Amino acid sequence: MKGLLIKDFKLLKNQLTILFVIAIIAGVLVITNYDPSFIIGYLTSVYSIFVLSTISYDELDNGNAFLFTLPFSRKLYVVEKYIFGIIMGLIGWALATFGGGFYLMVKTNTFSMLEWFTVASSCVIILLFCLAIMIPFQLKFGAEKGRIALFVVVFALIGISSLVRLPDGVKESFLKQVNMLSNGALIGIGFLIAFIVLFLSMAISIRIQEKKEF
């Protein structure tokens, strides 16, 4: 695991400039009073996407054929990708949360630390869902086809959700129950669901990787 993580971080050396530019863009958005929740979500999501580039590097020029001659299992390889994606996402999350939070705390008198970290926590939940969706598609279809398949699925889900209409009574009852919960409870439920989805995604990705032939 440690060796795989070192390998992926070394692969990022070629993209340090991009990482730096993304952080600068996020800083400019904070200074220009852009929506703080967007800043955290933006930096968290963009940094986590770099896990996909490491998978592409591994597949380049049939590199996996050599990579999997080394003493680690395909299951470990998949688990490491999820961990690497979470680490990268949390790096972006920390930069946006603490950097943006410090700037807003100094600049405004109405800054609420509790509200800020509530928004930040919800962005970590989104990070887990993003990784759960992106990695299986990347492993199954590769870089180009994976993006196309992912867009198709996302638009299909949006289309289905727009067509499906819950009965008004059910919708009102659900919203009433949600409104009764505190922010902490909602965040906790969100994390629970996100981790369940993430582990299901990991199981699917492991199965995909174990069936691959190089």
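I will try to describe carefully the structure that is included in this document. (Residues numbered from 1 in each chain as written. Predicted model: local features only at pLDDT ≥ 70, side-chain atom pairs only at ≥ 80, totals over all residues. Heavy atoms only, no water.)

## Considering the packing of helix H1 (residues 2-11) against helix H4 (residues 50-59)
Move 1: At a minimum axis separation of 10 Å, H1 and H4 run at an interaxial angle of 100°. When the axis of H1 is compared with that of H4, the two are roughly perpendicular. Contacts between H1 and H4 involve Lys7, Asp8 and Leu11 on the former and, on the latter, Thr54, Tyr57 and Asp58.
Move 2: Looking at the contact of H1 with H4, its residues break down into 2 nonpolar, 1 polar and 3 charged. (Axes fitted to C-alpha atoms, helices over the stretch in contact; angles between N-to-C directions. Helix = DSSP H or I, 4+ residues; strand = E, 2+ residues; numbered from the N terminus. Parallel < 35°, antiparallel > 145°, perpendicular 65-115°, else oblique. Contact = heavy atoms within 4.5 Å. Nonpolar A, V, L, I, M, F, W, Y, C, P; charged D, E, K, R; others polar.)

## Remarks on the packing of H1 against helix H6 (residues 74-107)
Move 1: For the pair H1 and H6, the least separation of the axes is 10 Å and the interaxial angle reads 50°. Comparing the axis directions of H1 and H6 gives the class oblique. In the crossing of H1 with H6, the sense of the turn from one axis to the other is right-handed. Of the residues in H6, those in contact with Leu4, Leu5, Lys7, Asp8 and Phe9 of H1 are Leu76, Tyr77, Glu80, Lys81, Ile83, Phe84, Ile87 and Met88.
Move 2: Each residue belonging to the contact of H1 with H6 can be placed in one class, and the counts come to 9 nonpolar, no polar and 4 charged. (Left-handed = near helix turned anticlockwise from the far one by under 90°.)

## Structural notes on the side chain of serine 53
Move 1: Secondary-structure assignment places serine 53 in helix H4.
Move 2: Overall, serine 53 belongs to the buried group, its relative accessible area being 18%.
Move 3: A polar side-chain atom of serine 53 sits 2.6 Å from the main-chain carbonyl oxygen of phenylalanine 50. (Buried < 20%, exposed > 50% of the residue type's maximum accessible area, 1.4 Å probe, protein only. Polar contact = N/O pair within 3.5 Å; in protein donor to acceptor, adjacent residues only side chain to side chain.)

Keep in mind these values describe shape, not function.
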